[in-house]
Structure formats: C-alpha cells, structure tokens
Amino acid sequence: MRRTRKSFLTFVMTIAAGACFQLGGCNVLGMARSAIDSINPCGTILACDPRAYQFLRSGIDGPGVRPNIDPFCTFAPFCDNGTDPIFGGLAAGGTTP
C-alpha cells in the first residue's frame, strides 16, 4: 500500500512540475495576473466592441509595423475590414465585415 501511494505521489508531482514548466513558472501571482489579463469583458460583462477592447489592450500607440500584434496594417484602426481582419474599421466607427 505504501509503495502505491509513493508512486502515485511521484506521478502527481511530475505532472505538477510539467504544468509549471508549460506555463512558464510556478509563480502563482504571475499566473493569476496572466489569467485576468487574458479575459475580454466585452460582450459578456460590458456592452462594448470586443475588437476595440483588444485594440486598446494591444499596445499599438501609433503608426508602424508590429507583426507580432497585427501583421496586416501599419496603423491598425485606420485600415478597412478587407485589409485588416483583426482591427480594421475601428476608427470609422463601423465594425461590419
């Protein structure tokens, strides 16, 4: 019985360590902050446009190419929806595809 419990505990610790390495560390506050930052409240909690909220949180503060955020347009909100499917058309006020 003791051997089975020890092997089960070893298995659980291995899974927990693997999960920590997968998530980038076992910092509980860092994991909680990343989970909170990934929530988009628009459409579920607030009555706002989810794409506009994502654009505000993206860090785009002026013209320029940022392929890691938006590879389609140099100044995202001023492109149309056909050019930029991520943030296009936000400056015009319309979000129709």
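These remarks concern the structure in this document. Just so it is clear, the structure is predicted and the values come from calculations on it, not from any experiment.

Throughout the structure, instances matching the rule amount to two aromatic pairs. Centre to centre, the rings of Phe 55 and Phe 87 are 5.3 Å apart; their planes meet at 65°, and the pair counts as edge-to-face. A residue pair is termed long-range when its members are at least 10 positions apart, and Phe 55 in helix α3 (residues 50-58) and Phe 87 in the segment after α3 qualify at 32 residues. Between the aromatic rings of Phe 75 and Phe 78, the centroid separation amounts to 4.9 Å while the plane-to-plane angle is 35°, which identifies the pairing as tilted.

Now for the nonpolar core. Judged by nonpolar contacts, Phe 55, Ile 60, Ala 76, Phe 87 and Leu 90 together constitute the single largest core of five residues. Excluding residues that lie within four positions of it along the chain, Ala 76 makes contacts with Phe 55, Ile 60, Asp 70, Asp 84, Phe 87 and Gly 88.

This next bit is on empty space enclosed by the protein. Per the stated rule, a full pass over the model turns up one cavity of 30 Å³ or more. Counted as a void, the largest cavity has a volume near 30 Å³. If you trace the largest cavity, you find it lined by Ile 60, Gly 64, Arg 66, Asp 70, Cys 73, Thr 74, Phe 75 and Ala 76. Considering only residue class, the lining of the largest cavity consists of four nonpolar, two polar and two charged.

Attention now goes to the state of the cysteines. In protein chemistry, a disulfide is the covalent bond that joins the sulfur atoms of two cysteines. Under the counting rule described, the total for this entry stands at two disulfides. Here Cys 42 is linked by a disulfide to Cys 48, with a sulfur-sulfur distance of 1.9 Å. Judged by the torsion about the S-S bond (-90°), the Cys 42/Cys 48 disulfide is left-handed. Since its relative accessible area comes to 6%, Cys 42 is described here as buried. Cys 73 shares a disulfide with Cys 79; S-S distance 1.6 Å. Negative torsions about the S-S bond denote left-handed disulfides, and the value of about 60° found for Cys 73 with Cys 79 makes this one right-handed. Neither Cys 73 nor Cys 79 differs from the other in exposure class; each is buried.

About the criteria used
Residues numbered from 1 in each chain as written. Predicted model: local features only at pLDDT ≥ 70, side-chain atom pairs only at ≥ 80, totals over all residues. Heavy atoms only, no water. Phe/Tyr/Trp six-rings, centres within 6.5 Å; stacked < 30°, edge-to-face > 60°. Helix = DSSP H or I, 4+ residues; strand = E, 2+ residues; numbered from the N terminus. Core = buried A, V, L, I, M, F, W, Y, C linked by side-chain atoms within 4.5 Å. Buried < 20%, exposed > 50% of the residue type's maximum accessible area, 1.4 Å probe, protein only. Contact = heavy atoms within 4.5 Å. 1 Å grid on protein atoms, 1.4 Å probe; cavity = no way out; pocket = protein on both sides within 12 Å on 5 of 7 lines; lining within 4 Å. Points joined across faces, edges and corners; volume = space filled by probe spheres on them. Nonpolar A, V, L, I, M, F, W, Y, C, P; charged D, E, K, R; others polar. Disulfide = S-S within 2.5 Å.

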